[in-house]
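# Geometric and topological summary
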Amino acid sequence: MPFSSVNHSHLTEWEEVLAPQSLGYRIKLLSMLLSRTFQERLEPYGLTPFHWVVLCCLWQEDGLATSSIGERLQQVGGTLTGVIDRMEERGLVRRERDMRDRRIWRIWLTEAGKELEEVLPPIALDIREQAMAGIPEAERELLSRLIDQAIANFS
């Protein structure tokens, strides 16, 4: 039996911030479970959850500048550039220089990228429903607002 001279009596007062009970750990676990499930459902389409969020931006506003997509997704340029490269190779998006400012690249959906708008959102809805099963609508809305507030607290 190992001997420890460390006094652990204070751990009970910290229990709510220690994994696996901590909120951060449980949010990370939920995120991993959602991401894994979504990845599995996107796999037949050769997509990742990161492709999904880029597509979502472009479905809402096609022709965004790469920097605008990065700002909306709070992503650094290098990571986003690689994702857009792969999406372009797959024929989901195309890049064009901005006519007014040649330093800016705009990202446009191709027909294949547009067609996924009919296919992918129902998959996301199914996964959301699976995650929210047993949670009343009012509490779902409250959870969403609380998450938004927690994110805003760090922004």
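The structure reproduced in this document is the subject of the present report.

Moving on: the overall build of the protein chain. Within the protein chain, the secondary structure is distributed over 7 helices and 3 strands. Each helix and strand of the protein chain, placed in order from N terminus to C terminus, yields the pattern α-α-α-β-α-α-β-β-α-α. A compact globule built from 155 residues would reach a C-alpha radius of gyration of about 15 Å, whereas the protein chain, at 21 Å, exceeds it by more than 25%. With the C-alpha coordinates aligned to their principal axes, the bounding extent of the protein chain is approximately 65 × 35 × 35 Å.

Glancing now at the packing of helix α3 (residues 49-60) against helix α4 (residues 66-73). Relative to each other, α3 and α4 sit at 115 degrees, their axes nearing to 10 Å. The orientation of α3 with respect to α4, classified from their angle, is roughly perpendicular. At the point where α3 passes α4, the crossing takes the right-handed sense. Contacts from F50, V53, V54, C57 and L58 of α3 reach α4 at I69, R72 and L73. Taken together, the residues that form the contact of α3 with α4 break down as 7 nonpolar, no polar and 1 charged.

Turning to the packing of aromatic side chains, a few remarks are in order. Applying the stated criterion to the full structure yields 2 aromatic pairs. Ring centres of F38 and W52 lie 5.3 Å apart, and the angle between their planes is 90 degrees; this geometry places the pair in the edge-to-face category. Remark: W52 occurs in helix α3 and F38 occurs in helix α2 (residues 23-42); sequence separation between them is 14 residues. Judged by centre distance (5.7 Å) and plane angle (75 degrees), the ring pair of W52 and W59 falls under edge-to-face. Judged by relative accessible area, which is 16%, W52 ranks as buried. A relative accessible area of 15% means that W59 is categorised as buried.

Moving on, we come to the sheet that holds strand β1 (residues 64-65). Strands pair in a sheet through their backbones, by hydrogen bonds, and they do so in one of two ways: parallel or antiparallel. If you walk across this open sheet you meet the 3 strands as β1-β3-β2, and the pairing is antiparallel. Among the strands making up the open sheet, the edge pair consists of β1 and β2 (93-97). Here 2 bridges tie β1 to strand β3 (residues 105-109), and the two strands are oriented antiparallel to one another. Bridging across to β3, A65 finds its partner in R106. Docked against the sheet, α3 engages β1, β2 and β3, running at close to 90 degrees with respect to β3.

This next bit is on the side chain of D98. Structurally, D98 is set in the loop between β2 and β3. Side-chain polar atoms of D98 contact the backbone nitrogen of R100, separated by 2.7 Å. A distance of 2.9 Å separates a polar atom in the side chain of D98 from the backbone nitrogen of D101. Apart from the residues lying within four places of it in its own chain, the contact partners of D98 are I104 and R106.

What follows is about the nonpolar core. Soluble globular proteins tend to pack their nonpolar side chains together in the buried interior. The biggest cluster of nonpolar side chains holds 25 residues, and the ones touching the most others in it are V54, L55, L58, W59, I69, V93 and L120. Among the elements of the structure, α2, α3, α5 (77-89), β3 and α6 (111-132) are those that each provide at least two residues to this core. At 8 residues, α3 tops the list of elements feeding residues into this core. Once residues lying within four places of it in the same chain are set aside, the contact partners of L55 are L47, M87, L109, G113, L116 and L120.

What counts, and where the lines are drawn
- Residues numbered from 1 in each chain as written.
- Predicted model: local features only at pLDDT ≥ 70, side-chain atom pairs only at ≥ 80, totals over all residues.
- Heavy atoms only, no water.
- Helix = DSSP H or I, 4+ residues; strand = E, 2+ residues; numbered from the N terminus.
- Rg over C-alpha atoms; globule rule 2.2 N^0.38 Å.
- Axes fitted to C-alpha atoms, helices over the stretch in contact; angles between N-to-C directions.
- Parallel < 35°, antiparallel > 145°, perpendicular 65-115°, else oblique.
- Left-handed = near helix turned anticlockwise from the far one by under 90°.
- Contact = heavy atoms within 4.5 Å.
- Nonpolar A, V, L, I, M, F, W, Y, C, P; charged D, E, K, R; others polar.
- Phe/Tyr/Trp six-rings, centres within 6.5 Å; stacked < 30°, edge-to-face > 60°.
- Buried < 20%, exposed > 50% of the residue type's maximum accessible area, 1.4 Å probe, protein only.
- Pairing = 2+ DSSP bridges.
- Polar contact = N/O pair within 3.5 Å; in protein donor to acceptor, adjacent residues only side chain to side chain.
- Core = buried A, V, L, I, M, F, W, Y, C linked by side-chain atoms within 4.5 Å.

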